[in-house]
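Residues per chain, in single letters:
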Amino acid sequence: MMLVHRSTVLAALLALSGTNCNAFSSSTHQNQNNNHRITTTTQLHSTIPAPGSVTSSLTPPSSIDSSSTSDLFDTRVQKTYGRYPITFVSGSGSTLTDENGKTYLDFVSGIATCALGHNNPSLTKAVCDQMGQLHHVSNLYYTPGQGLLAAWLC
């Protein structure tokens, strides 16, 4: 069984802090066959650059040629689904509109994720209001909305 010392965790945190520091990690474990204690020391180097030192050559999405959405998908997206040759660009209620302006009745409803319809004003307001307060908090903590939802469901 491997024992991890607090110094190992501290060294890892220092290495990840983004500062220019070197840290040492030390771990000790007992060899079960001949009962020898083995100590390993590893030098950790920060792999996270200091804030403000990162430069990026990424092209922002607004600069990518989007004239053919299907070509973007064919060259950049994993082919986990067979797709129909239709590109939807907007929706309202249960109606979808493709890139050519043709409208369709959405019988799939986003496979049950759009049951309230596309561009639903009440849902849009509720999501925007929530995003203005909290986007996501781990289940390790309490949030009022989660408690209220649980009470409402039960």
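It should be emphasised that the depicted structure is a prediction, and the values quoted were computed from it without experimental measurement.

A. Structural context of the overall build of the chain. Secondary structure summary: the chain contains five helices and six strands in total. Within the chain, the proportion of its 154 residues that are buried is 11%. Within the chain, residue pairs in contact and separated by at least 24 positions form 25% of the contacts whose partners lie at least 6 positions apart. As displayed, the chain offers around 13200 Å² of accessible surface, 59% of which is attributable to carbon and sulfur atoms.

B. Structural view of the pairing of strand β5 (residues 95–98). Bridge count between strand β4 (residues 88–92) and β5: four bridges; the pairing is antiparallel. Bridge assignment links F88 to a residue of β5, and that residue is D98. In this structure, the hairpin formed by β4 and β5 is closed by a connection of two residues, where G93 is found at a positive phi of approximately 65°. In the sheet, β5 pairs with strand β6 (residues 103–105) via three bridges, with the strands oriented antiparallel. Within β6, the position partnered with T97 by the bridge is T103. Counting the residues in the hairpin turn of β5 and β6 gives four residues, including G101, whose phi is positive at 90°.

C. Focus on the sheet that holds β5. The three strands are arranged β4-β5-β6 in an open sheet whose pairing can be described as antiparallel. Two strands in the sheet have a free side with no partner beyond their single neighbour: β4 and β6. Looking at each pair of strands side by side, their axes are set apart by 30° on average, direction ignored.

Cut-offs applied
- Residues numbered from 1 in each chain as written.
- Predicted model: local features only at pLDDT ≥ 70, side-chain atom pairs only at ≥ 80, totals over all residues.
- Heavy atoms only, no water.
- Helix = DSSP H or I, 4+ residues; strand = E, 2+ residues; numbered from the N terminus.
- Buried < 20%, exposed > 50% of the residue type's maximum accessible area, 1.4 Å probe, protein only.
- Contact = heavy atoms within 4.5 Å.
- Areas by Shrake-Rupley, 256 points an atom, 1.4 Å probe, with all protein chains shown as cover.
- Pairing = 2+ DSSP bridges.
- Axes fitted to C-alpha atoms, helices over the stretch in contact; angles between N-to-C directions.

No statement about biological role is implied by the geometric values presented.
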